[in-house]
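Coordinate inspection notes
One-letter residues, chain by chain:
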Amino acid sequence: MINNHSQNDNDKVVQLFINLKTRVDGLESTISDIEQCLCTLRQQMNTNCKKADTFLTCSLKLMNSFEKVWYTNRSFPVKVLHVLDGIGNLYTNTEGWSVSLRLTDAQGNCIDQLLHSKENILVKRGIITLCGLRFSGVSSKNGGFFVLEVKVNPQTHSKVSISPFRSTPFTVLSSRLIHQQKGSFSDLLPHNSISMMPGIGILYTKMFASIGLKTISDLAGVSFNQLNDMLRIDKGNLTKLRLEGYVLHAQEILERSSSSINSSCESPPTKRLKTESEFTQTNSGSKIAQDSSSENFFGSHLSSYTFQTIFRENCG
């Protein structure tokens with residue numbers, strides 16, 4: 001009996017030992033897993049530290065279109081640029097960053113004196129908004145075109161490299177040309193303003209308007225000799241040859257329009273011009289300057305026969 005009792009106690013001890021060893025083995029396995037996790041974390045921390053020592057390369061992307069033609073002393077349309085990271089996502093950690101602008105001519109020379117901005121430009125959460133830009137000079141006197149460069153300046157401790165944005169070449173014209181829209185010969189109609197005819201600028205338009213001629217139809221309906229006497233064209237940029245060319249041009253437009261609507265091609269009625277005294281009173285004290293916007297009128301729109309006829313009659 002005593003022996004059986006002792007055997008049972010031994011069996012219990014053995015079982016307790018086995019259970020204890022199983023738990024110890026489980027703890028050892030858990031400890032091994034923990035050590036592996038710690039090793040992986042150390043490797044990741046080392047990798048992050050190495051990345052922190054390198055520069056992040058970003059770029060600037062224009063989010064709207066850029067005008068090809070603009071005018072002096074007029075606010076340039078608002079432009080929006082985004083700062084993008086290496087995989088094309090918006091980079092928003094841009095607190096304290098600033099923006100500098102640079103204007104260059106066709107030869108790459110810096111002409112910042114022609115660029116004006118109302119306020120300092122900042123980067124707000126990766127977004128740059130350019131507004132209030134104005135140009136005080138025309139591109140024709142600076143090689144033919146301008147290029148706008150946008151450069152982002154990160155904080156000194158920021159390890160980010162950003163390539164500047166360079167616009168496509170664009171032209172800046174004088175603001176006085178905004179309303180001087182010219183039409184092609186085939187598109188002009190008799191009721192269009194004289195100012196839409198090629199070669200006729202602001203000064204010529206005002207000169208014709210002073211004697212009652214405002215539309216192409218008005219110009220086509222006058223006698224060249226009478227018009228020449230009223231304007232007394234003897235010298236200057238508006239020669240008799242050029243003046244007659246304008247009249248013939250207007251008459252061709254009127255005849256073409258009449259033919260297109262199958263109407264009779266009768267001579268246009270003569271328009272009553274202002275008297276010489278009226279013309280003199282209207283223009284007293286003023287001198288018609290050379291029209292800087294005029295250009296060579298005789299082009300592909302006048303036939304060679306018309307040009308030769310005008311040249312032979314006026315130049316001998």
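Here the structure is a predicted model, which is why all the values come from computation and not from measurement. (Residues numbered from 1 in each chain as written. Predicted model: local features only at pLDDT ≥ 70, side-chain atom pairs only at ≥ 80, totals over all residues. Heavy atoms only, no water.)

Points about the nonpolar core
Grouped together as the largest cluster of nonpolar side chains are 29 residues, with contacts concentrated most on L60, V83, L103 and I128. When residues of this core are traced back to their parent elements, those giving at least two are β1 (56-62), β3 (79-84), β4 (98-104), β7 (127-130), β9 (147-153) and β10 (160-162). Broken down by element, this core gets its largest block of residues, three residues, from β9. By size, the runner-up hydrophobic cluster in this structure holds 24 residues, among which are F185, I194, F208 and Y246. (Core = buried A, V, L, I, M, F, W, Y, C linked by side-chain atoms within 4.5 Å. Buried < 20%, exposed > 50% of the residue type's maximum accessible area, 1.4 Å probe, protein only. Helix = DSSP H or I, 4+ residues; strand = E, 2+ residues; numbered from the N terminus.)

Considering the sheet that holds β4
Working definition: the strands of a sheet are paired by backbone hydrogen bonds and lie parallel or antiparallel to each other. Taken together, the three strands give an open sheet; going across it, the order is β4-β9-β11, and neighbouring strands pair in antiparallel fashion. Across the chains shown, the open sheet's two edge strands, defined by having one partner strand only, are β4 and β11 (165-166). The pairing of β9 with β11 spans two bridges and is classified as antiparallel. By the bridge assignment for β11, V150 is matched with F165. (Pairing = 2+ DSSP bridges.)

Overview of the packing of helix α4 (residues 224-231) against helix α5 (residues 240-260)
Where α4 meets α5, the closest approach of the two axes is 10 Å, and the angle between their N-to-C directions is 130°. On the basis of the axis angle, α4 is oblique to α5. Judged by the sense of rotation from one axis to the other, the crossing of α4 with α5 is right-handed. Where α4 abuts α5, its residues F224, L227, N228 and L231 lie against K240, L243, E244 and V247. (Axes fitted to C-alpha atoms, helices over the stretch in contact; angles between N-to-C directions. Parallel < 35°, antiparallel > 145°, perpendicular 65-115°, else oblique. Left-handed = near helix turned anticlockwise from the far one by under 90°. Contact = heavy atoms within 4.5 Å.)

Let's talk about the pairing of β3
With five of six residues buried, β3 lies mostly within the body of the structure. Where β1 and β3 come together, four bridges link them in antiparallel fashion. Across the sheet, K61 pairs through a bridge with H82, a residue of β3. The pairing of β3 with β7 spans four bridges and is classified as antiparallel. Following the sheet pairing, H82 is matched in β7 by I127.

Some thoughts on the side chain of E149
Looking at the secondary structure, you find E149 in strand β9. E149 sits in the buried class, given a relative accessible area of 14%. A polar contact of 3.2 Å, which involves the side chain of E149, links it to the side chain of R166. Leaving out residues up to four positions away in the same chain, E149 has contacts with S100, L101, R102, P164, F165 and R166. (Polar contact = N/O pair within 3.5 Å; in protein donor to acceptor, adjacent residues only side chain to side chain.)

Here we look at the state of the cysteines
Within the structure shown, the criterion is met by zero disulfides. No disulfide involves C37; its sulfur sits 10.0 Å from that of C39, the nearest cysteine. Judged by its relative accessible area of 49%, C37 falls in the partly exposed class. (Disulfide = S-S within 2.5 Å.)

Topic: unusual backbone geometry
Even without a glycine there, the phi angle at N73 is positive, about 60°. Here N73 lies in the loop between β2 (69-71) and β3. Positive phi, normally seen in glycine, also occurs at R125, with a value near 50°. Mapped onto the elements, R125 comes out in the loop between β6 (123-124) and β7.

A few points about the confidence of the model for the chain
Summarising the model, the chain shows a mean pLDDT of 76, and 71% of its residues fall at 70 or more. This stretch, residues 282-316, has a pLDDT under 50; its non-local contacts, to residues over four places away or in other chains, come to 52 contacts. (pLDDT = per-residue confidence, 0-100.)

A closer look at the sheet that holds β10
One open sheet holds the five strands; their spatial order is β6-β7-β3-β1-β10, and the pairing between them is mixed. Whereas interior strands pair on both sides, the edge strands pair on one side only; in this sheet they are β6 and β10.

Some remarks on the pattern of salt bridges
Taken as a whole and assessed by the stated rule, the structure comprises two salt bridges. A salt bridge links E67 to K79; its shortest N-O distance comes to 2.6 Å. Here K79 lies in strand β3 and E67 lies in the loop between β1 and β2, a separation of twelve residues in the sequence. Among the residues examined, E67 registers a relative accessible area of 22% and is labelled partly exposed. Overall, K79 belongs to the buried group, its relative accessible area being 4%. In this structure, R166 engages E149 in a salt bridge whose closest nitrogen and oxygen atoms are separated by 3.2 Å. Residue R166 is located in strand β11, and its partner E149 is located in strand β9; the two are separated by 17 residues in the primary sequence. Classification of R166 as partly exposed rests on a relative accessible area of 48%. (Salt bridge = Lys/Arg side-chain N within 4 Å of Asp/Glu carboxyl O.)

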